[in-house]
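# Structure assessment
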Amino acid sequence: MNRKPIEPATKERGTPATERTSERIVERIVELSVDGQKVSVPEGATILDACKALAIDTPTLCWAENLTPVNVCRVCVVELEGARTLVPSCSRKCEPGMVVKTDSPRVRTSRKLVLELLSSSVDLSTTPCLDKWHAHYGADPARFGPAAAPAHAGEREHAHPGHHDTPDGAHAARVAQPPKLDNELFVRDYAKCVLCYKCVEACGTDAQNTFAIAIAGRGFEARVATELDLPLTDSACVFCGNCIGVCPTGALVFKREFDLRAAGEWDEARQTLTTTVCPYCGVGCALTLHVQANQIVKVTSPLDSSVTEGHLCIKGRFGWQYAGEKTKRSEG
Amino acid sequence: MDLRPIATPPSDSERALVDALLGAPGAERTVGVREARGLRHLLLPGLHALQDRFGWVSPGALGYLCERLHVPPAEAFGVATFYALFSLSEQPPVALHVCDDLACQAAGAETVLAGIQRELGATGAAARGCVVQRSPCLGQCERAPVALLTVAGTAPRTRGLVALDARTGLAALERRDAPLPPRTVLPQSGRDGGRYPLRLLARVGRADPTSLDDYQAQGGYAALRLALERGPAHVLREVSDSGLVGRGGAAFPTGRKWQAVAAAPAQPHYLVCNADESEPGTFKDRVLMEEDPFAVVEAMTIAGVTIGAELGFLYVRGEYPLAHERLAGALAAARARGYLGDDVLGKGARFEIELRRGAGAYICGEETALFASIEGFRGEPRSKPPFPVEVGLFGRPTVVNNVETLVNVLPILTEGVARYKALGTAGSPGTRLFCVSGKVAHPGLYELPFGVKLSALLELAGAKDVRAVLLGGAAGTFLAPHELELALTFEDTKKAGATLGSGVVLVLDGSVALEPMLLRIARFFRDESCGQCVPCRVGTVRQEELVQRLTRKTCHGTPADERVLLGDLGQVMRDASICGLGQTASSALESAVAKLGVWAESAR
């Protein structure tokens, strides 16, 4: 056995990280056609970038502008002339002369099916824009039959790869399970997880380099997990909350949002957003405070902030409880 | 990165085992973090060592392995829970994995399994320190039904059990061992009247697979000598001109791959031999590796030297213990005699081969998943482009070839392109290995020139009253009795909407119920999906549910709705999945509906 180190060529396994166009020295322009319209993009841009340039609205779930594209959700697929299969627009780089269709029957069928497959297996009740895309593609998740009963706590963690109980087909299997409440700061409600890999990326080399979570298990039982499924408090988690910041479905939520939703009091219409600067240290991270009824209910950071690129640390993300609690305490 | 270790310490024996594999601790601390991270490719071998010794990977052992390799524990846990042959909870040391896949099912695997379980009783297995599990195809289909026995301990054993019955299965559990299966006999020998000369299988059953001298006496290493004499440019031209295309299923021109990597400016280059043969019904590479292991080593050496690689990886399926043993022996012998190493045959070329074991994951046969597996990551495929010839193993230019593909290079060099192409057709030159199993009198591995009709192969194998043939494996297509005049070439099968795939010819007659076969195929893909992309992860689940409903005649809505659903699921998996697994997961089922008329009453 060779015990020597073998150094990988790329920062991560797989597709080399996409450098952001704005930060690159643009040398060449690539011209391609999307839905019959000619478009010119800088070399290295993706088909999704080209769609954006043409204001073609494209559904995405696993894509985020501050993360390396993993192209796993497949909801952004487009038809590329000459390609045997559809291609993910979020990660496929534009090449000169490409002919792309974003609304062909094949694209519509695949996007519709992907939406149906997800909606029938995952709770997407807090996923933004979902209804719009369902209506657009005529998705009908109910055709897979009534939903199966949710799993008990810990049940999905015990599945062994390559083995599962044979279904009878009457009910559509789901990832439904009780939420994981193991700390005071945020909740992991994996019944809402579409396995977009974003939280894993943000915890890893794309932002935090903490590696507290990874994908574990296989197939339909694949899941986001800490080592040995330990509670977050016993894991390597540093509670930066960057996973919450990138979660597209609300599977990862602030405890306060989770509680307010449970009480039926969460109301985004009544919330105001105020962008300010984190008071804790000299870095100067931009914070966006989400305030409802004069209480901070959530903190995010603008993706276009050159300081944070949307990512924060535990202090900026969670160190605001004093702002609301103080009044409470003085009252009590 | 500062990694938080797993709190549980390893036991002394776990620590000693990991140290024995990786060397005394401390050495890696002298290298930088970047280099320490380069040790990650040892994660899978480390997990194997622990599983082999203790029968499971304990938290303490996993933690220590992570510490030594500088792998984040969460990621290592993700890798360990990806593979069917690793257990993260304490298990009995003895496990019998009984194959219930297509060929074994046709041969009565359910009866055998029921017999074993009845004898052991409800709790008997655990009391005897063993566990009996179902397994997907174990690649011994010509000797179905079969099982795999794994025994953990200080002298770990993995044994294939062939022509299994309840008695032999129970005896193996009792003795914690099993005799070696009999040597492979080629059913073709003496039965085809010499019509189809053996080229790739010429040495099978004739040469001692453990003897390098015997290999050389039967023409072995002539091709390597020639390759070193004539140089890489010559070999590249010969392989390209031969028209050789990949035998793993995708049929990509081998010469083009080799040329691309040979010319790639990025260094180093790698060679990977894909011996993770897991397509249900396929056993050709197993026979080559068990019976002619030196040929695999020689062909890899030629490929490596030609494409400018100094290191090749030979990734063998975890369920192939004998192939692994024979290859390890062949590698050691080749090394000792100067056929591998710093100066191959004294000609100045440097090439070494690393033998790696899979751990129970069909998906790792997909080339990019295979890279991930070797690198110590979960066996998840990635989108192409970039293709492996540009960004392959460890992100470097890589040639990845199937075993049968590589072995073809030997006759191409020794016989010359003209003679090589004299067999086969213009579009499909050469010969092809066919894995014949199911309801035939003479199952086994056949080698035929491309272009021979399927009916001729079936006649040779003694098939009668054929009701259906599954061509190309679970990812292939069913053929109806009126389609058996199909010429076995890439071009003819493509025209017929079928595929040769990995050379599977699984024959079913009227005595085999089709529906359980289709249920097994649906279950297979649902079990083996890596879970990365939505179309495959959820699509294979929905497909299995649908196939269950069709079989149980409990349709949602009208049968017409269900038919639409089957087609839609097939289309999204085919069109939008990342890799070939999802793209072909509906192929056999859809062909069964179209050609064999199954579920006619519920689906039509």
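Just so it is clear, the model here is predicted, and its values are computed rather than measured.

## A short note on the overall build of chain A
Looking only at helices and strands, chain A has eight helices and 12 strands in total. Computed over the C-alpha atoms, the radius of gyration of chain A is 22 Å, within 12% of the 20 Å expected from 2.2 N^0.38 for a compact globule of 332 residues. For the C-alpha atoms alone, the extent of chain A along its principal axes is close to 70 × 55 × 55 Å. Split into buried and exposed, the 332 residues of chain A put 55% on the buried side. Partitioning the intrachain contacts of chain A with sequence separation of at least 6 by distance along the chain shows that 57% fall at a separation of at least 24. When the accessible surface of chain A is split by element, carbon and sulfur atoms take 52% of a total near 15,000 Å². When the 38 basic and 41 acidic side-chain charges of chain A are each reduced to a single mean position, those positions are 2 Å apart.

## With respect to the domain arrangement of chain B
In many analyses, interface size is given as the accessible surface area lost on bringing the parts together. Residue and element names in this part refer to chain B. For chain B, the domain assignment lists domain 1 (12-80), domain 2 (94-175), domain 3 (212-420), domain 4 (423-509) and domain 5 (514-603). Computed from C-alpha coordinates alone, the two centres of domain 3 and domain 5 are separated by 34 Å. Of the roughly 790 Å² buried between domain 3 and domain 5, counting both surfaces, carbon and sulfur atoms make up 69%. It is Y362, I363 and P381 in domain 3 that bury the most area against domain 5; as a group they hold 56% of the surface buried on that side. For the pair domain 3 and domain 5, the number of links is zero salt bridges. The tally of links from domain 3 across to domain 5 stands at two residue pairs in polar contact (both at pLDDT 80 or more). Partitioning the side of domain 3 that touches domain 5 into residue classes produces five nonpolar, three polar and four charged.

## Points about the sheet that holds strand β5 (residues 99-101) of chain A
Residue and element names in this part refer to chain A. Strand order across the open sheet formed by five strands is β2-β1-β5-β3-β4, with mixed pairing between neighbours. Because the sheet does not close on itself, it has two edges, and the strands there are β2 (37-42) and β4 (87-88). Looking at chain direction, strand β3 (residues 77-80) and β5 are connected through two bridges and run antiparallel. Paired with E79 across the bridge in β5 is K101.

## Quick look at the confidence of the model for chain A
A residue-level look at chain A finds 92% of positions with pLDDT of 70 or above and a mean pLDDT of 92. Across residues 12-22 of chain A, confidence stays below pLDDT 50; counting only partners more than four residues off in sequence or on other chains, it has 25 contacts.

## As for the domain arrangement of chain A
Residues and elements named next belong to chain A. The domains assigned to chain A are domain 1 (15-147) and domain 2 (173-331). Here the C-alpha centroids of domain 1 and domain 2 sit 26 Å apart. Contacts between the two partners involve 23 residues from domain 1, matched on the other side by 24 residues from domain 2. The largest share of the area that domain 1 buries against domain 2 comes from N66, L67 and T126, three residues that together contribute 30% of it. Where domain 1 touches domain 2, the interface holds zero salt bridges.

## Here's the deal with the side chain of T127 of chain A
As for its position among the elements, T127 of chain A is in the loop between α2 (105-121) and α3 (130-137). Ignoring any residue separated from it by four or fewer positions in sequence, one finds T127 of chain A in contact with L61, P248 and T249 of chain A.

## A look at helix α24 (residues 559-576) of chain B
With 18 residues, α24 of chain B should reach 26 Å at 1.5 Å per residue; the first-to-last C-alpha distance of 26 Å fits that figure. The set of residues buried in α24 of chain B consists of E562, L565, L566, D568, L569, G570, V572, M573, D575 and A576 of chain B. Contacts from the buried residues of α24 of chain B go to β3 and α2 of chain A together with α23 (534-552), α25 (580-584) and α26 (587-596) of chain B.

## Notes on the nonpolar core
Core analysis: the biggest nonpolar cluster contains 220 residues, and Y83, W258, L314 and F478 of chain B have the highest contact counts within it. If one sorts the elements of this core by residue count, helix α15 (residues 293-307) of chain B sits on top with 10 residues.

## Topic: the sheet that holds strand β11 (residues 444-449) of chain B
One key point about sheets: their strands pair by backbone hydrogen bonds, in either a parallel or an antiparallel sense. All names here are of chain B. The sheet built from five strands is open, its strands ordered β11-β10-β14-β12-β13 with mixed pairing. Edge positions in the sheet fall to β11 and β13 (477-479), since each of these pairs with one other strand and no more. Strand after strand, the sheet turns through a mean of 30° between neighbouring axes, direction not considered. Bridge count for strand β12 (residues 466-471) against strand β14 (residues 504-509) is five bridges, and the pairing is antiparallel. Residue pairing for β14: A468 is matched across the bridge by L508. Each of β12 and β13 is contacted by α26, which is oriented at about 25° to β13, the strand it contacts most.

## Here's the deal with helix α18 (residues 403-415) of chain B
Residue and element names in this part refer to chain B. Taking 1.5 Å per residue as the helical rise, α18 with its 13 residues ought to reach 18 Å, and the 19 Å between its terminal C-alpha atoms agrees with that figure. Most of α18 is tucked away, with 11 of its 13 residues classed as buried. Every buried residue of α18 is accounted for by V403, E404, T405, L406, V407, N408, V409, L410, P411, I412 and L413. By the N-cap criterion, in which a side-chain oxygen at the helix start approaches the backbone nitrogen of a residue two or three places on, α18 is capped by N402, the distance to E404 being 2.9 Å. G416, located one to two residues past α18, shows a positive phi value of around 90°.

## So, empty space enclosed by the protein
All names here are of chain B. On inspection of all chains with the given rule, the structure shows six cavities of 30 Å³ or more. In this structure, the largest cavity occupies an estimated 180 Å³ of space. Lining the largest cavity we find 21 residues, and of these A84, S135, P136, E319 and G360 sit closest to its centre. Listing elements by their share of the lining of the largest cavity, those giving two or more residues are β2 (130-135) and α22 (514-528). When residues of the lining of the largest cavity are assigned to their parent elements, the largest contribution, three residues, is made by β2. Residues belonging to the lining of the largest cavity are distributed by class as follows: eight nonpolar, eight polar and five charged. Taken domain by domain, the lining of the largest cavity gets at least three of its residues from each of domain 2 (94-175) and domain 3 (212-420). When its volume is computed, the second largest cavity comes out at roughly 150 Å³.

## Brief notes about the packing of helix α13 (residues 254-262) of chain B against α15 of chain B
Residues and elements named next belong to chain B. Running from N to C, α13 and α15 point in directions that differ by 45°, and their axes come no closer than 8 Å. In terms of orientation, α13 lies oblique with respect to α15. Seen from α13, the contacting residues are W258, V261 and A262; seen from α15, they are A303, T306 and I307. Of the residues belonging to the contact of α13 with α15, the class tally is five nonpolar, one polar and no charged.

## Topic: the packing of aromatic side chains
Residues and elements named next belong to chain B. Taken as a whole, this structure holds 17 aromatic pairs over all chains when the rule is applied. Each ring, one from Y83 and one from F86, has its centre 5.8 Å from the other, and the planes form 75°; the classification is edge-to-face. Relative accessible area serves as the criterion here: at 0%, Y83 is assigned to the buried category. Considering the side-chain rings of Y362 and F524, the 4.7 Å spacing of their centres and the 70° angle between planes classify their relative orientation as edge-to-face. Of the two residues, Y362 is situated in the loop between β8 (349-357) and α17 (367-375) and F524 in helix α22; the sequence distance between them amounts to 162 residues.

## A closer look at the pattern of salt bridges
A side chain with one charge may pair with a side chain of the opposite charge, provided their charged atoms come close. Residue and element names in this part refer to chain B. As enumerated under the stated definition, the model contains 52 salt bridges over all chains in all. Between E142 and R286 there is a salt bridge, and its shortest N-O distance comes to 2.8 Å. In this pair, E142 sits in the loop between β2 and β3 (147-151) while R286 sits in helix α14 (residues 284-291), placing the two residues 144 residues apart along the sequence. By relative accessible area, E142 is classed as buried at 14%.

## Comments concerning the state of the cysteines
All names here are of chain A. A complete count under the given rule lists zero disulfides over all chains for this structure. Take C62: it sits in no disulfide, and the sulfur closest to it among the cysteines is that of C73, at 3.8 Å. With relative accessibility at 4%, the residue C73 sits in the buried group.

## Quick look at the interface of chain A and chain B
In this assembly, 76 residues from chain A lie in contact with 88 residues from chain B. Between chain A and chain B the total buried area reaches about 6,800 Å² when both faces are included, carbon and sulfur atoms providing 57% of it. Connecting chain A to chain B are four salt bridges. At the level of secondary structure, the elements contributing two or more residues to the side of chain A that touches chain B comprise α2, β7 (214-216) and β8 (223-225) of chain A.

## Quick notes on the pairing of β14 of chain B
Of all six residues making up β14 of chain B, six are buried, and the element is well covered by its neighbours. A two-sided burial pattern is seen for β14 of chain B, the buried positions comprising V504, L506 and L508 of chain B on one face and V505, V507 and D509 of chain B on the other.

Analysis parameters
Residues numbered from 1 in each chain as written. Chains lettered and ligands numbered in written order. Predicted model: local features only at pLDDT ≥ 70, side-chain atom pairs only at ≥ 80, totals over all residues. Heavy atoms only, no water. Helix = DSSP H or I, 4+ residues; strand = E, 2+ residues; numbered from the N terminus. Rg over C-alpha atoms; globule rule 2.2 N^0.38 Å. Buried < 20%, exposed > 50% of the residue type's maximum accessible area, 1.4 Å probe, protein only. Contact = heavy atoms within 4.5 Å. Areas by Shrake-Rupley, 256 points an atom, 1.4 Å probe, with all protein chains shown as cover. Lys, Arg positive; Asp, Glu negative; His and termini not counted. Charge placed at Lys NZ, Arg CZ, Asp CG, Glu CD. Domains from an automatic or database assignment. Buried area = accessible area lost by both parts, 1.4 Å probe. Salt bridge = Lys/Arg side-chain N within 4 Å of Asp/Glu carboxyl O. Polar contact = N/O pair within 3.5 Å; in protein donor to acceptor, adjacent residues only side chain to side chain. Nonpolar A, V, L, I, M, F, W, Y, C, P; charged D, E, K, R; others polar. Pairing = 2+ DSSP bridges. pLDDT = per-residue confidence, 0-100. Expected span 1.5 Å × (residues − 1). Core = buried A, V, L, I, M, F, W, Y, C linked by side-chain atoms within 4.5 Å. Axes fitted to C-alpha atoms, helices over the stretch in contact; angles between N-to-C directions. 1 Å grid on protein atoms, 1.4 Å probe; cavity = no way out; pocket = protein on both sides within 12 Å on 5 of 7 lines; lining within 4 Å. Points joined across faces, edges and corners; volume = space filled by probe spheres on them. Parallel < 35°, antiparallel > 145°, perpendicular 65-115°, else oblique. Phe/Tyr/Trp six-rings, centres within 6.5 Å; stacked < 30°, edge-to-face > 60°. Disulfide = S-S within 2.5 Å.

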